[in-house]
Amino acid sequence: MNRGKVRAIIAFAALIALLLVSLIINVFTGSADISFSEALNALFKGVSGEISSDILWKIRIPRAFSALLLGGALGLSGYLLQTFFHNPIAGPFVLGISSGAKLTVALVMIAAVSRYHSVNSLTMICAAFAGSLLSLGFILLISRRVRRMSMLVVCGVMIGYICSAITDFAVTFADDSDIVNLHDWSMGTFSGMSMDNVRVIAVVVIAASAGAFMLSKPISAYQLGESYAQNSGVRITFLRCMLILLSGLLSACVAAFAGPVSFVGIAVPHIVRVMLHTSKPVLLIPGCFLGGGIFCMLCDVLARTAFAPTELSISTVTAIFGAPVVIIVMLRRRKGEL
Amino acid sequence: MERIPVSAEGLSAGYSSPVVEDICFNVRQGEVMTLVGPNGSGKSTLLKTLAGCLEKLGGTVFFDGEDTDNISTGEKAKKLSIVLTERIRPDLMTCRDVVETGRYPYTGRMGLLKDADRKAAQEAIEMVGAEDLADRDFSEISDGQRQRIMLARAICRQPHILILDEPVSYLDLYHKLAFLEILRKLADEKRLAVIVSMHELELAREISDHVIALKNGRALYSGKPEDIFTKDIIMELFDIPEKLYDKYYTNTMKGKM
């Protein structure tokens, strides 16, 4: 067996172990004072009506799984965008895709809540998907004109600000009761997830991730540039469309349920790339998914417990750990590339 | 009958409007055909169209006697490989990884390499004399070495046709000569049909079997290198005033051109 293979096996074993550890930490820690044995007891008894069981099964477990799945979605979405733009600092947050999704979700929420008092998950995902594709459309238009990677990101950040400004504007003029709800969500959080939410998230995220994994082969050819990919027999238009749709869908799902979560999409693919020391999509795609899940679960533990009972927004924590990675990546790039 | 790996009839190529028009040629096995001409004469457009990176606008291209319109993308990819001018910057890929991407049309759904693919990559690396580079990171080697690796990538596909767009433009003289040596060897030993564009006329003269001189999207002249690389044709092709030509060429390369 060669060194690459050994490295991949060790890295994946480590990722899976870390994933399980993070999951356990997430389930067993929280602001409510539940002892380990109590929690264990509640875990095995299932939903029993006791308070500790309710907290575990209705709050912590759905929250942990949504952090896992949505974190994975972000990591993967970032990886697909970086591939698409051949740009190492692309990600759903910096390119304004998350904010675009946030905007449409906010608008739909305000419109729907005032009329029907609730919005179902599917509507939210659709709204978010439309918003993320809208932002992506703008970014694509801009990317035809700017050649420099850093300019593209600056434009993305601007699109993000515009969308956020419109969202804030809409929220300011919404009814009082909605604002509380919206405000929490517009900062980004994994709190308030129900098992039903988790089911919907699981279906969308796992389907999209499997779709991305099936594209491993053409993505590997695409890394050498479009002409080489085309000559290898890659259907380039199809691949580009799929990359956009899948990354848009993944980040839309995150925006719909957790609001904007910053920097996971950029940071995770880089960490995973260094860990696996490869650029092979067959390894990086599952790697980014696992890495994103771990990253978000650990950040969420910190968000919940660092200043308990006050909860930090998830973006506050992910930015603290994610943004430095972006700076390191930019510094390590050779001159003239960004 | 001798197999003709690639030929074109009345080929026109371009984007929305044609950049090159009415191109005809045959390249036999073991032949090197060179495209020369000023910048913007349509060399790259023509090569990209032959390589399938651009849709052709008219005319017919044949691979091994078969109309390319009737050949599937996957089959075309097996028959033809390219080396382009554009520099690629893959992250965390060894030279061997880059070479192995050439096996794309042969790998399965997930693109995993089989032993035969690894062997073909190794042979290609040996063919271009890059054994010592194989396990180095692609981003750490020089331009000359990179072109050699890209050539290995192209030939590990075991194509019938090799297309190269200005492959030696950015290389120093030694690497230019070394690269063209390998190219000639590929044509002679592997019987590949090679189509290459270049600006180095004195080198083109040495390695070509056939030359097409392109100007403003038309094949101005087509023929054997000794017939094309004459003073009159070069002056006409590149719009060089006679005084200037004489100053630089007649004195330095007496008897050559």
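Residues numbered from 1 in each chain as written. Chains lettered and ligands numbered in written order. Predicted model: local features only at pLDDT ≥ 70, side-chain atom pairs only at ≥ 80, totals over all residues.

**Observations concerning the overall build of chain A**
Along chain A, the regular secondary structure elements total 14 helices and zero strands. Secondary structure elements in chain A, listed N-terminal to C-terminal, are α-α-α-α-α-α-α-α-α-α-α-α-α-α. In terms of overall dimensions, chain A is globule-like: its C-alpha atoms have a radius of gyration of 20 Å, near the 20 Å expected for 338 residues. Taking the principal axes of the C-alpha coordinates as reference, chain A spans close to 60 × 55 × 35 Å. Within chain A, the proportion of its 338 residues that are buried is 49%. Long-range contacts, defined here as pairs at least 24 residues apart, represent 77% of the contacts in chain A between residues at least 6 apart. (Helix = DSSP H or I, 4+ residues; strand = E, 2+ residues; numbered from the N terminus. Rg over C-alpha atoms; globule rule 2.2 N^0.38 Å. Buried ≥ 20, exposed ≤ 12 C-beta atoms within 10 Å, placed from the backbone. Contact = placed C-beta atoms within 7 Å.)

**Overview of the overall build of chain B**
The secondary structure content of chain B amounts to 10 helices and 10 strands. The C-alpha atoms of chain B give 19 Å as radius of gyration, which agrees with the globular expectation for 257 residues (18 Å, within 12%). Taking the principal axes of the C-alpha coordinates as reference, chain B spans close to 60 × 40 × 40 Å. The buried share of chain B, reckoned over its 257 residues, is 40%. Pairs at least 24 residues apart make up 68% of the contacts formed inside chain B by residues separated by at least 6 positions.

**Some remarks on the confidence of the model for chain B**
Taken residue by residue, chain B gives an average pLDDT of 90. The fraction at 70 or more is 96%. Across the interface, the model reports ipTM at 0.89; the global pTM reads 0.90. (pLDDT = per-residue confidence, 0-100.)

**Section: the pairing of strand 7 (residues 161-165) of chain B**
Residue and element names in this part refer to chain B. Judged by how many residues are buried, strand 7 sits mostly within the fold: five of five residues are covered. When strand 6 (residues 80-83) meets strand 7, the two strands line up parallel, connected through four bridges. Directly across from S81, in strand 7, lies its bridge partner L162. Strand direction decides the pairing type here: strand 7 and strand 8 (residues 193-197), joined by five bridges, are parallel. Across the sheet, I161 pairs through a bridge with A193, a residue of strand 8. Note that the unit made of strand 7, helix 6 (residues 173-190) and strand 8 has a crossover that is right-handed. (Pairing = 2+ DSSP bridges. Right-handed = clockwise from strand over helix to strand, strands pointing away.)

**Looking at helix 4 (residues 97-116) of chain A**
Under the 1.5 Å per step criterion, the end-to-end length of helix 4 of chain A is 27 Å for 20 residues, consistent within 8% with the ideal 28 Å. Buried residues of helix 4 of chain A: I97, S98, S99, G100, A101, K102, L103, T104, V105, A106, M109 and I110 of chain A, and no others. (Expected span 1.5 Å × (residues − 1).)

**Digging into unusual backbone geometry**
Phi is positive for H277 of chain A, which is not a glycine, with a value near 45°. Position of H277 of chain A among the secondary structure elements: in the loop between helix 12 (264-276) and helix 13 (281-305). The phi dihedral of D22 of chain B is positive, around 55°, even though this residue is not glycine. Note on placement: D22 of chain B falls in strand 2 (residues 18-27).

**Concerning the sheet that holds strand 1 (residues 6-14) of chain B**
All names here are of chain B. The strand order 2-1-4-5 describes an open sheet built from four strands, whose pairing is antiparallel. Of all the strands in the sheet, just strand 2 and strand 5 (66-67) have a single pairing partner and so form its edges. Pairing between strand 1 and strand 2: six bridges, direction antiparallel. Its bridge partner being in strand 2, V6 is matched across the sheet by V27.

**Examining the interface of chain A and chain B**
On the chain B side, the residues contacting the 17 residues of chain A number 23 residues. Only helix 9 (216-222) and helix 10 (226-231) of chain A provide two or more residues apiece to the side of chain A that touches chain B. Broken down by element, the residue count for the side of chain A that touches chain B peaks at four residues, all from helix 9 of chain A. For the side of chain A that touches chain B, a count of residues per class yields three nonpolar, 12 polar and two charged. (Nonpolar A, V, L, I, M, F, W, Y, C, P; charged D, E, K, R; others polar.)

**Describing the sheet that holds strand 8 of chain B**
Residue and element names in this part refer to chain B. Taken in spatial order, the six strands of this open sheet run 6-7-8-3-9-10, and their pairing is mixed. The open sheet terminates on both sides in strands that have one partner only, identified here as strand 6 and strand 10 (218-223). Going from strand to strand, the sheet's axes swing by 15° on average, the running direction of each strand aside. Its contacts with the sheet put helix 6 on strand 3 (32-36), strand 7 and strand 8, and the angle it makes with strand 8 is roughly 155°. (Axes fitted to C-alpha atoms, helices over the stretch in contact; angles between N-to-C directions.)

**Quick word on helix 4 (residues 115-127) of chain B**
All names here are of chain B. In this model helix 4 runs 18 Å from its N-terminal to its C-terminal C-alpha over 13 residues, within 8% of the 18 Å that 1.5 Å per residue would give. The secondary structure elements touched by the buried residues of helix 4 are helix 3 (95-100) and helix 5 (143-155). Of the residues trailing helix 4, G129 is marked for its positive phi of about 65°.

**Details of the environment of G287 of chain A**
All names here are of chain A. Turning to its location among the elements, G287 is positioned in helix 13. The spatial distance from the C-alpha of G287 to the C-alpha of P218 is 18 Å, given a sequence separation of 69 residues. Apart from residues no more than four positions distant in its own chain, G287 is found in contact with L15, V272 and L276.

**Side note on the pairing of strand 9 (residues 210-215) of chain B**
Residues and elements named next belong to chain B. Bridge analysis of strand 3 against strand 9 gives four bridges, and the strand direction is parallel. Counterpart to L35 in the pairing with strand 9 is I212. Where strand 9 meets strand 10, five bridges bridge the pair, whose relative direction is antiparallel. Each bridged residue has a counterpart across the sheet, and for K215 the counterpart in strand 10 is R218. What sits between strand 9 and strand 10 in their antiparallel hairpin is a turn of two residues, with N216 showing a positive phi close to 50°.

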